[in-house]
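Descriptive structure summary
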Protein chains: 2
Amino acid sequence: MAKSVPLPPTRQKPWPDAGDPRVDALVTDVIGRVADKWTMLILEALAEHEHLRFTHIAKLVPGISQKMLTQTLRQMERDGLVDRTVHAVIPPRVDYRLTDLGETLGAAFCSVWLWAEANLERIETARATFDSRAAI
Amino acid sequence: MAKSVPLPPTRQKPWPDAGDPRVDALVTDVIGRVADKWTMLILEALAEHEHLRFTHIAKLVPGISQKMLTQTLRQMERDGLVDRTVHAVIPPRVDYRLTDLGETLGAAFCSVWLWAEANLERIETARATFDSRAAI
């Protein structure tokens, strides 16, 4: 580690800066929790349907394992993004829906979604260029 | 799997909908790549400094392993988010900087960052409530 080399100066940036290191650490923790592929895809599935059963979410998020879906839903419930309702019917029915907080995170992620849609072609081109260079 | 149960109807939603399943699949793939804690934290480090060496990024992204940093930077380079420049000096110096595409992704993620800052307290409260319920 080149610890003696100072960091380049910071610059004008599009990122908010809370300034308080404790707040920064908490934000980093929260970002680490929500900036996750599965969280984002489950958010999208629940944003598209008012409420969903576990098996429905599994259908709408292709590739997710039952274990990862259980774990991600539980973390989302713990973070207050998702409400889980158990209906006392036979057989028991469990519904998931976004909370108001989950809805606002969905709206915030929307700009990332739009970015991905708008830049698909540039990303594909960048990958092809990278792969052709790597193949030389 | 309750395959016979139809999905609830879709509703008015804040998410864009490309409609084309091929585009949807590509967007999901891209989201899966970029909606990642380490990608987001590296984006932030590079957004704050014009260019950074590997060891600097490692300092600014606490908790990342050397292997994960190497792998994430390589994927970000492949996706066209990061430029890697090798300077022919002794010892050789390698700099990383955001491309224009990386800058726009940083700006899109900014709303998620602001969401995390604005909702820290609600998330902490939700977690405490969940944990106290779980402890009963």
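Residues numbered from 1 in each chain as written. Chains lettered and ligands numbered in written order. Predicted model: local features only at pLDDT ≥ 70, side-chain atom pairs only at ≥ 80, totals over all residues. Heavy atoms only, no water.

1. Digging into the pattern of salt bridges
Side-chain pairs of opposite charge can arise whenever the charged atoms involved come near each other. Defined as follows: Every case where a carboxyl oxygen of Asp or Glu lies within 4 Å of a side-chain nitrogen of Lys or Arg is listed as a salt bridge. Secondary structure counts use DSSP, requiring at least four H or I residues in a row for a helix and at least two E residues in a row for a strand, with both numbered from the N terminus. Any residue under 20% of the maximum accessible area for its type is buried, any over 50% is exposed, and the rest in between are partly exposed; the area is computed with a 1.4 Å probe on protein chains only.
Within this structure, the stated rule accounts for 11 salt bridges over all chains. Between A:Arg97 and A:Glu50 there is a salt bridge; the shortest N-O distance is 3.9 Å. On the criterion of sequence distance, the pair formed by A:Arg97 in strand E3 (residues 93-98) and A:Glu50 in the loop between helix H2 (37-48) and strand E1 (52-53) is long-range, its members being 47 residues apart. For A:Glu50, a relative accessible area of 42% puts it in the partly exposed group. B:Asp79 is paired through a salt bridge with A:Arg127; the nearest N and O atoms lie 2.7 Å apart. Placement of the pair is B:Asp79 in the loop between helix H4 (66-78) and strand E2 (82-87) and A:Arg127 in helix H5 (residues 100-135), with the two residues belonging to separate chains. By relative accessible area, B:Asp79 is classed as buried at 3%. The exposure class of A:Arg127 is buried, given its relative accessible area of 10%. A cluster of three or more residues bridged by salt bridges with shared partners is formed by A:Glu124, A:Arg127 and B:Asp79.

2. Side note on the sheet that holds strand E1 (residues 52-53) of chain B
Condition: Between any two strands, pairing holds if DSSP finds at least two bridges.
An order of E1-E3-E2 (chain B) is seen for the three strands of this open sheet, with the pairing classed as antiparallel. The open sheet has two free edges, formed respectively by E1 and E2 of chain B, since each of these has just one partner strand.

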